[in-house]
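Here is how the chains run, residue by residue.
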Amino acid sequence: MELERLREAVEEVELVDGHAHNIVALDSTFPFVKCFTEAEGEALSFAPHSLPFKRNLRDIAKLFGTESSLRAVEEYRRTAGLQSISSLCFKAARISAVLIDDGLQLDKKHDLEWHKSLVPVVGRILRIERLAEEILDGEMPDGSVWTLDSFTKIFEERLDSVAHQIYGLKTIAAYRSGLDIDTNVTSIDAEEGLQHTLHSGKPVRITNKSFIDYVLTCSLEIAVRFDLPLQIHTGYGDKDLDLRLANPLHLRTLLEDKRFSRCRIVLLHASYPFSKEASYLASVYHQVYLDFGLAVPHLSAHGMTSSVKELLDLASTRKVMFSTDGYACPETYYLGARKAREVVFSVLCDACADGDLSVPEAIEAVQDIFAKNAIEFYKLNLAPKSLGPKHSLSPISTINNASTTDALLVRIIWVDASGQHRCRVVPAKRFNDVVAKNGVGLTHACMGMCSFVDGPAEDTNLTGVGEIRLIPDLLTKWQIPWEPREEMVLADMHIRPGEAWEFCPREALRRVSSILKDEFNLVVNAGFENEFYLLKSVLREGKEDWLPMDSTPYCSTSGYDAARSIFHEIFAALSSLNIPVEQLHAEAGKGQFEMALGHKPCNVAADNLIFTREVVRAVARKHSLLATFVPKYDLFDIGSGSHVHVSLWQNGENVFMASDGSSRHGMSNIGEEFMAGVLHHLPSILAITAPVPNSYDRIQPNTWSGAYQCWGKENREAPLRTACPPGVTDGLVSNFEIKSFDGCANPHLGLAAVIAAGIVLMG
């Protein structure tokens with residue numbers, strides 16, 4: 001019974017993944033088989049016969065529901081698609097935050113923004129050798145040759161500029177010249193090392209020991225200045241590494257250097273096969289911590305268990321941290337999380353049996369190893385999820401309100417072409433047993449329904465003949481804030497499980513986003529402004545009528561105050577769904593309000609908009625009010641839009657905005673091209689973003705609704721308005737707003753149309 005409490009603690013804790021890498025597109029040249037091994041070349045042919053390979057392949061096959069063969073798993077990956085398998089893997093892994101070293105060079109890797117659709121919190125770890133190589137691959141601004149001084153100046157400026165945007169630095173010195181770091185390397189030796197590096201040609205690959213030691217020493221100085229931790233690759237890797245030089249005991253000179261004694265250092269990969277040596281270092285140096293990613297799950301069951309046990313031989317449980325070291329394929333994240341839970345449970349069970357720990361102490365260690373240590377080490381702005389009162393630990397607030405096992409019913413939600421939210425409701429047990437994997441049936445006609453009648457529009461060819469599957473996207477499954485006995489989840493539309501239907505709105509947005517990413521390495525971020533009316537029921541001559549709840553003007557304090565209790569509940573519900581709200585105010589219409597959501601990657605933004613509408617309507621009903629998002633509720637009052645702000649991102653940076661003040665309109669060239677495409681195709685886009693006749697009662701001149709085919713800077717009468725919000729340099733614009741987008745639009749289809757139009761004129 002005591003150990004059952006420990007097992008529950010291990011299974012329930014939400015993981016903070018302190019070290020991982022980017023996921024790649026399915027058509028990347030990265031071979032899937034490399035997910036299971038560090039072998040390369042001819043040695044790769046022997047990998048399928050290793051113990052960890054066979055075990056990990058079985059685990060993946062079980063998750064996917066395929067036979068346990070490499071061929072079957074690869075076929076499933078091909079038919080299901082990256083988004084589907086990623087959602088499945090991350091939902092099963094239950095990772096609440098991940099820190100990604102994006103310096104690993106992988107073909108067609110997705111940027112950090114893409115990963116935010118899978119994990120609530122995504123942060124960046126900067127690999128210092130890659131930064132140095134990128135700098136040296138370029139030219140000096142004045143055309144002169146590189147010197148140590150000129151390199152140092154630019155290197156330190158680059159680190160300074162991103163120090164507040166990253167969670168730590170990382171070095172792979174072990175791969176290049178070994179861990180015997182000379183923190184007192186002379187400038188003469190470093191200069192010679194730089195020149196040796198440059199003479200080797202481009203692309204630059206730094207291998208000279210003196211120059212690597214110099215780069216690492218400069219990085220340590222900046223890490224101390226900004227209180228950033230340093231990840232150090234230790235122990236095994238591919239054959240590019242000399243394992244003899246990857247023993248962490250070589251780090252003694254660095255660890256003894258008093259200049260860097262306050263820099264927190266984590267030794268990655270359990271330092272395998274030097275786990276005992278790593279444990280010793282963590283026990284005698286206050287600044288040294290340990291991370292067992294890669295060793296788990298790449299070793300055999302015995303190897304994983306013995307390695308983690310050796311880390312805990314001397315090191316404090318407050319110094320050992322979990323990571324997946326996931327890379328390239330989402331399955332690596334799943335395997336790292338799954339095997340870590342199993343291994344830590346086994347190790348702590350033995351510790352309890354041997355008398356090293358009591359069960360309550362072991363449960364506390366679970367929270368420390370899987371979440372709390374990393375949160376404190378990397379200074380993450382979140383709290384580990386509580387293990388609950390049955391584990392006898394103090395309750396801690398959770399970072400989200402994920403789905404619960406106590407639900408009775410599950411709502412499977414989709415949105416049709418006229419923006420109407422629809423759902424099928426199934427018992428939770430049936431959902432878990434059957435529907436989560438196989439979905440529920442739905443007639444083709446459901447995507448052809450008109451706004452005025454529950455029947456398909458003429459000439460759509462979407463009739464009552466033919467059926468699709470609503471497949472739940474488990475990453476969007478949440479406990480319903482206003483009805484805790486139920487859960488809700490958004491659904492994709494498949495012809496059969498794993499094969500998307502061509503009319504699926506969420507898949508349409510994925511497809512066009514993939515084109516933008518693959519051809520231009522760009523990601524669209526979007527933030528919606530929700531305008532809606534709150535109406536109250538009154539009786540007039542014995543008949544029910546709906547009237548605005550008040551008649552106050554734009555941004556009225558009284559208007560907000562009258563509805564404050566409603567918005568308190570709305571904000572709490574949205575917070576539990578991890579949906580950011582930026583601001584709220586009373587709008588110009590009688591009983592009208594506007595609520596602006598924070599910008600997110602476009603697919604997440606569209607999902608968030610659907611959940612936001614569900615929340616607003618439900619909370620309003622609770623207060624005997626009706627919330628309506630219809631574009632023109634009252635022909636004699638102001639209309640309601642669902643304006644969307646759009647920006648372009650590349651490698652975590654906003655590239656819609658010009659890089660300096662030389663741009664005439666404050667936009668980059670690619671930003672101008674993208675917006676020009678949207679403007680050119682705006683009349684066609686309106687068929688999707690303003691899809692019902694009532695939409696055009698709203699889009700009229702002098703109503704700030706975008707009745708013209710034009711654009712303007714901070715011009716609220718234009719359908720496309722470039723915006724310069726607070727914090728953006730004067731003269732630059734960070735995004736553009738599309739005003740002719742309303743509450744009857746399907747947000748996924750609307751954004752897909754916008755992106756497709758934007759691509760057309762891009763060079």
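Relevant structure appears above.
Computed from a prediction, not measured in an experiment: that's the story for all the values here. (Residues numbered from 1 in each chain as written. Predicted model: local features only at pLDDT ≥ 70, side-chain atom pairs only at ≥ 80, totals over all residues. Heavy atoms only, no water.)

Novice: Can you tell me about the overall build of the protein chain, naming the residues and giving the values?
Specialist: Helix and strand counts for the protein chain come out as 24 helices and 27 strands. In terms of C-alpha radius of gyration, the protein chain reaches 28 Å, essentially the compact-globule figure of 27 Å for 763 residues. Taken over the C-alpha atoms alone, the protein chain extends approximately 90 × 70 × 50 Å along its principal axes. When burial is assessed residue by residue, the protein chain has 58% of its 763 residues classed as buried. The long-range share in the protein chain, meaning contacts at least 24 apart out of those at least 6 apart in sequence, stands at 72%. When the accessible surface of the protein chain is summed, it comes to about 31,800 Å², and 52% of that surface belongs to carbon and sulfur atoms. Averaged over its 75 positive side-chain charges, the protein chain has a centre that lies 4 Å from the centre of its 99 negative ones. (Helix = DSSP H or I, 4+ residues; strand = E, 2+ residues; numbered from the N terminus. Rg over C-alpha atoms; globule rule 2.2 N^0.38 Å. Buried < 20%, exposed > 50% of the residue type's maximum accessible area, 1.4 Å probe, protein only. Contact = heavy atoms within 4.5 Å. Areas by Shrake-Rupley, 256 points an atom, 1.4 Å probe, with all protein chains shown as cover. Lys, Arg positive; Asp, Glu negative; His and termini not counted. Charge placed at Lys NZ, Arg CZ, Asp CG, Glu CD.)

Novice: A description of the nonpolar core should follow, citing residues and the corresponding values.
Specialist: Among the nonpolar cores identified, the biggest contains 129 residues, and Leu 6, Phe 151, Phe 155, Leu 169, Phe 292 and Phe 370 are the most heavily contacted of them. Among all residues touching Leu 6, those that are not within four sequence positions of it are Phe 345, Leu 348, Cys 349, Ala 362, Ile 363 and Val 366. Among the nonpolar cores identified, the runner-up in size contains 38 residues, and Leu 609, Val 644, Val 754 and Ala 757 belong to it. (Core = buried A, V, L, I, M, F, W, Y, C linked by side-chain atoms within 4.5 Å.)

Novice: Explain the environment of Ala 606 to me, using residue names and the numbers behind them.
Specialist: Structurally, Ala 606 is set in helix H20 (residues 602-622). Under the relative-accessibility criterion, Ala 606 is labelled buried at 0%. Along the chain, Ala 606 and Leu 522 lie 84 residues apart, while their C-alpha atoms are 18 Å from each other. With near-sequence residues (within four places) excluded, Ala 606 lies in contact with Leu 509, Phe 528, Pro 747, His 748 and Leu 751.

Novice: Can you lay out helix H12 (residues 275-284) for me, pointing to particular residues and giving the numbers?
Specialist: In an α-helix, one full turn covers 3.6 residues, which means residues spaced three or four apart are oriented alike. Buried residues of H12: Ser 275, Ala 278, Ser 279, Leu 281 and Ala 282, and no others. With its buried residues spanning 160° around the axis, H12 presents them on a single face. Looking at the buried positions of H12, the neighbouring elements they touch are helix H11 (252-256), strand S6 (265-267), strand S7 (288-291) and helix H14 (301-314). (Arc of directions from axis to C-beta.)

Novice: Can you explain the pattern of salt bridges? Please cite residues and give values.
Specialist: Scanning the model with the defined rule gives 49 salt bridges in all. The shortest N-O distance in the salt bridge between Glu 67 and Arg 71 comes to 3.4 Å. For Arg 71, a relative accessible area of 54% gives the class exposed. Ionic pairing is found between Lys 153 and Glu 157, a salt bridge with its closest N-O pair at 2.7 Å. You can see Lys 153 and its partner Glu 157 sitting in helix H7 (residues 148-162), four residues apart, about one turn around the helix. Given a relative accessible area of 52%, Lys 153 falls into the exposed group. Overall, Glu 157 belongs to the partly exposed group, its relative accessible area being 41%. Salt bridges sharing common partners tie together Asp 473, Asp 492, Arg 506, Glu 507, Arg 510 and Asp 607. (Salt bridge = Lys/Arg side-chain N within 4 Å of Asp/Glu carboxyl O.)

Novice: Before we move on, could you go through the sheet that holds strand S1 (residues 15-20) and cite the residues and values that matter?
Specialist: Strands belonging to one sheet form pairs held by backbone hydrogen bonds; the direction of such a pair is parallel or antiparallel. The eight strands are arranged S1-S2-S3-S4-S5-S6-S7-S9 in an open sheet whose pairing can be described as parallel. Looking at strand neighbours, the two that pair on one side only are S1 and strand S9 (320-321), the edges of this open sheet. Across three bridges, the pairing between strand S5 (residues 230-232) and S6 is parallel. Directly across from Gln 231, in S6, lies its bridge partner Val 266. Taken strand by strand, helix H6 (residues 128-137) contacts strand S3 (121-127) and strand S4 (168-171), and its axis lies near 65° from that of S3. (Pairing = 2+ DSSP bridges. Axes fitted to C-alpha atoms, helices over the stretch in contact; angles between N-to-C directions.)

Novice: Talk me through a negative patch on the surface; I want residue IDs and the actual numbers.
Specialist: A grouping of Asp 180, Asp 182, Asp 189 and Glu 192 is seen on the molecular surface, where their side chains present a negatively charged patch. Its location among the elements puts Asp 189 in helix H9 (residues 187-199). According to the relative accessible area criterion, Asp 189 is partly exposed, its value standing at 34%. (Patch = residues over 30% accessible without salt bridge, like charges linked within 9 Å, V, L, I, M, F, W, Y side chains within 5 Å.)

Novice: Account for the packing of H20 against helix H24 (residues 747-760), with residues named and values stated.
Specialist: When two helices pack together, their arrangement is given by the angle between the helix axes and the distance between those axes. Contact pair H20 / H24: the axes reach a minimum separation of 9 Å and the direction vectors enclose 150°. Of the possible angle classes, the one that applies to H20 and H24 is roughly antiparallel. In this structure, the crossing between H20 and H24 has a hand that is right-handed. When H20 is examined against H24, the residues Cys 602, Asn 603, Ala 606, Asp 607, Leu 609, Ile 610 and Arg 613 are found in contact with a partner set consisting of Pro 747, His 748, Leu 751 and Ile 755. (Parallel < 35°, antiparallel > 145°, perpendicular 65-115°, else oblique. Left-handed = near helix turned anticlockwise from the far one by under 90°.)

Novice: Which residues make up the packing of H14 against helix H15 (residues 330-353), and what values go with them?
Specialist: Axis separation between H14 and H15 bottoms out at 9 Å; the angle between their running directions is 55°. Here H15 runs oblique to H14, going by the angle between their axes. You can see that H14 and H15 cross each other, and the crossing is right-handed. The residues of H15 that touch H14, namely those facing Met 304, Thr 305, Val 308, Lys 309 and Leu 312, are Lys 339, Val 343, Ser 346, Val 347 and Asp 350. Partitioned by chemical class, the residues of the contact of H14 with H15 number five nonpolar, two polar and three charged. (Nonpolar A, V, L, I, M, F, W, Y, C, P; charged D, E, K, R; others polar.)

Novice: Help me get a handle on the side chain of Ser 307, residues and values and all.
Specialist: Within the secondary structure, Ser 307 sits in helix H14. Apart from residues no more than four positions distant in its own chain, Ser 307 is found in contact with Ala 270, Tyr 272, Ser 275, Ala 295 and Leu 299.

Novice: Could you give an account of the environment of Val 98, with specific residues and numbers?
Specialist: Of note, Val 98 is situated in strand S2 (residues 95-101). Overall, Val 98 belongs to the buried group, its relative accessible area being 1%. When near neighbours in sequence (up to four residues on either side) are disregarded, Val 98 contacts Asp 17, Ala 20, Val 119, Val 121, Val 122, Gly 123 and Tyr 333.

Novice: An account of the side chain of His 585 is needed here, citing residue identities and associated values.
Specialist: Here His 585 lies in strand S19 (residues 581-586). Look at His 585 and you get buried, because its relative accessible area is 14%. Among the polar contacts made by the side chain of His 585, one reaches the side chain of Glu 587 at a distance of 3.4 Å. In contact with His 585, other than residues within four places in its own chain, are Tyr 554, Cys 555, Phe 593 and Glu 594. (Polar contact = N/O pair within 3.5 Å; in protein donor to acceptor, adjacent residues only side chain to side chain.)

Novice: I'd like a rundown of the pairing of S3, residues and numbers included.
Specialist: Two faces belong to every sheet, and in a regular strand the side chains alternate between them. In terms of residue burial, S3 counts as a mostly covered element, since five of its seven residues are buried. Of the strand pairs in this sheet, S2 and S3 are connected by five bridges, and their pairing is parallel. Bridging from a neighbouring strand, Val 98 pairs with Val 122 of S3. Two elements, S3 and S4, share three bridges in a ladder whose sense is parallel. Looking at S4, one finds that Ile 125 is bridged to Gly 168.

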